[in-house]
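# Close look at the chain arrangement
Here is how the chains run, residue by residue.
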Amino acid sequence: MARGVLSFPLTSFHDDGSLDPDGFRAHVAAQLATEPGAIFPACGTGEFFSLDEDEYRQVVTVAVEEAGGRLPVVAGTGYGWAQAARFARIAEEAGADALLVLPHYLVAAPQDGLVGQLEQLAARTRLPLIAYQRGQVAFTVESVRRITRIPGVIGLKDGHSDLDRLQRLTLAAPEDFLFFNGAATAEIQARAYAAVGVPAYSSAVHAFAPEIANAFFAALQDGDHGTVDKLLRDFYVPLVELRDRVPGYAVSLVKAAARLRGRPVGPVRAPLTDPSDADLADLRTLLATGLDLVGAAL
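Residues numbered from 1 in each chain as written. Predicted model: local features only at pLDDT ≥ 70, side-chain atom pairs only at ≥ 80, totals over all residues. Heavy atoms only, no water.

### Focus: the overall build of the protein chain
- Check the secondary structure of the protein chain and you find eleven helices and eight strands.
- In terms of overall dimensions, the protein chain is globule-like: its C-alpha atoms have a radius of gyration of 18 Å, near the 19 Å expected for 298 residues.
- The principal-axis extents of the C-alpha atoms in the protein chain amount to approximately 50 × 45 × 35 Å.
- For the protein chain, the proportion of its 298 residues judged to be buried stands at 52%.
- Within the protein chain, contacts between residues separated by at least 24 positions form 71% of all contacts whose residues are at least 6 apart in sequence. (Helix = DSSP H or I, 4+ residues; strand = E, 2+ residues; numbered from the N terminus. Rg over C-alpha atoms; globule rule 2.2 N^0.38 Å. Buried < 20%, exposed > 50% of the residue type's maximum accessible area, 1.4 Å probe, protein only. Contact = heavy atoms within 4.5 Å.)

### Some words on the sheet that holds strand β6 (residues 153-158)
- In space, the five strands of this open sheet follow the order β3-β4-β5-β6-β7, with parallel pairing throughout. Two strands bound the open sheet, and with one partner strand each, they are β3 (74-77) and β7 (178-181). Along the sheet, successive strands turn relative to each other by an average axial angle of 25°, direction set aside.
- In this structure, β6 lies alongside β7, joined through four bridges in parallel fashion. Pairing of Leu 156 across the sheet is with Phe 179, part of β7. (Pairing = 2+ DSSP bridges. Axes fitted to C-alpha atoms, helices over the stretch in contact; angles between N-to-C directions.)

### A few points about the environment of Leu 232
- Residue position: Leu 232 is located in helix α9 (residues 225-243).
- Take Leu 232: its relative accessible area is 12%, and that puts it in the buried class.
- Expressed as a C-alpha distance, the spacing of Leu 232 and Glu 187, which sit 45 residues apart in the sequence, is 7.9 Å.
- Beyond its immediate stretch of four places on either side in the chain, Leu 232 contacts Glu 187, Ile 188, Arg 191, Phe 216, Val 237 and Pro 238.

### With respect to the pattern of salt bridges
- Within the structure shown, the criterion is met by 18 salt bridges.
- Notably, a salt bridge pairs Arg 25 with Glu 65, separated by 2.7 Å at the nearest N-O pair. You can see Arg 25 sitting in helix α1 (residues 21-32) and its partner Glu 65 sitting in helix α2 (residues 53-67), a full 40 residues away along the chain.
- The partly exposed category is assigned to Glu 65, whose relative accessible area is 47%.
- For Glu 211, the salt bridge goes to Arg 261, with nearest N and O atoms at 2.8 Å. Taken together, the residues Glu 211 in helix α8 (residues 210-222) and Arg 261 in the loop between α10 (249-260) and α11 (277-293) connect sequence positions 50 residues apart.
- Look at Glu 211 and you get partly exposed, because its relative accessible area is 31%.
- One salt-bridge network, held together by shared partners, links Arg 25, Glu 65 and Glu 66. (Salt bridge = Lys/Arg side-chain N within 4 Å of Asp/Glu carboxyl O.)

### Examining the pairing of strand β5 (residues 129-133)
- A large share of β5 lies buried, amounting to five of its five residues.
- Side chains of β5 alternate between two faces, with Leu 129, Ala 131 and Gln 133 and Ile 130 and Tyr 132 buried alike.
- Direction of pairing for strand β4 (residues 98-101) relative to β5: parallel, over a ladder of three bridges. Its bridge partner lying in β5, Val 101 is registered against Ala 131.
- Handedness of the crossover is the feature at issue here: the chain leaves β4, passes through helix α4 (residues 111-122), returns alongside β5, and the resulting connection is right-handed.
- Two elements, β5 and β6, share five bridges in a ladder whose sense is parallel. By the bridge assignment, Tyr 132 is partnered in β6 with Lys 157.
- Where the polypeptide runs from β5 across helix α5 (residues 141-147) and back to β6, its parallel neighbour, the crossover connection is right-handed. (Right-handed = clockwise from strand over helix to strand, strands pointing away.)

Printed below as a string of structure tokens:
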């Protein structure tokens, strides 16, 4: 999965908020055509938190069908372990290759509970699990040692960006245990993550501008720091500044940018909101700038 950008496709909705399976299929097909390292349907960018079980089944099934075994399909799951196990069964039946375990719902929990959540879920699915530490989930070194011993737990995605602690976690884990950069707009910190042994990262930008995401990935792989710096300075940093204007824009802006490029992804579902007209205008300008930097057009 470190050989290409990790794709987190958007879940398509009609204007009335209902699921649009055909739009999602077209979006996934376009994502796969750019050869990502893996595809992660129904995760955070895919608004897992707003899907019911039947919608989730349709989304994962479409992703599996379109992938056709060419690359891993890692579906999201989450909430408490009992509900996460229900989604896990659906993903397994749909043919997913693994699961990304999103942070549990609402409550803070001690380390024993965080480990126990994974133990309970792992006992109820045959699919490999990748834990996602973000928000209220933050594993200690000892907890990482424990989760690496849970049969079926194969990796950890990090969204905290505490690189000192992350380095300690990577050193505590077996060499074959997978680590992923899951920071918001992961490209901003991709070099720093790679320096502590975590080169694989998810890219929300890939969902609307794979040309930019792939150009950045190639420059990073080639050690072309001039191109990396230019893309960061002129596109990614301004994107983060725009993203930080309104809570939820980490998804809403991505969907809006995809719509600007004619992708059939539709609006976001509440509690998220679509960008204001002013922010949408700024997004359009920034998107055109980023595409121009890599020789592509809006």
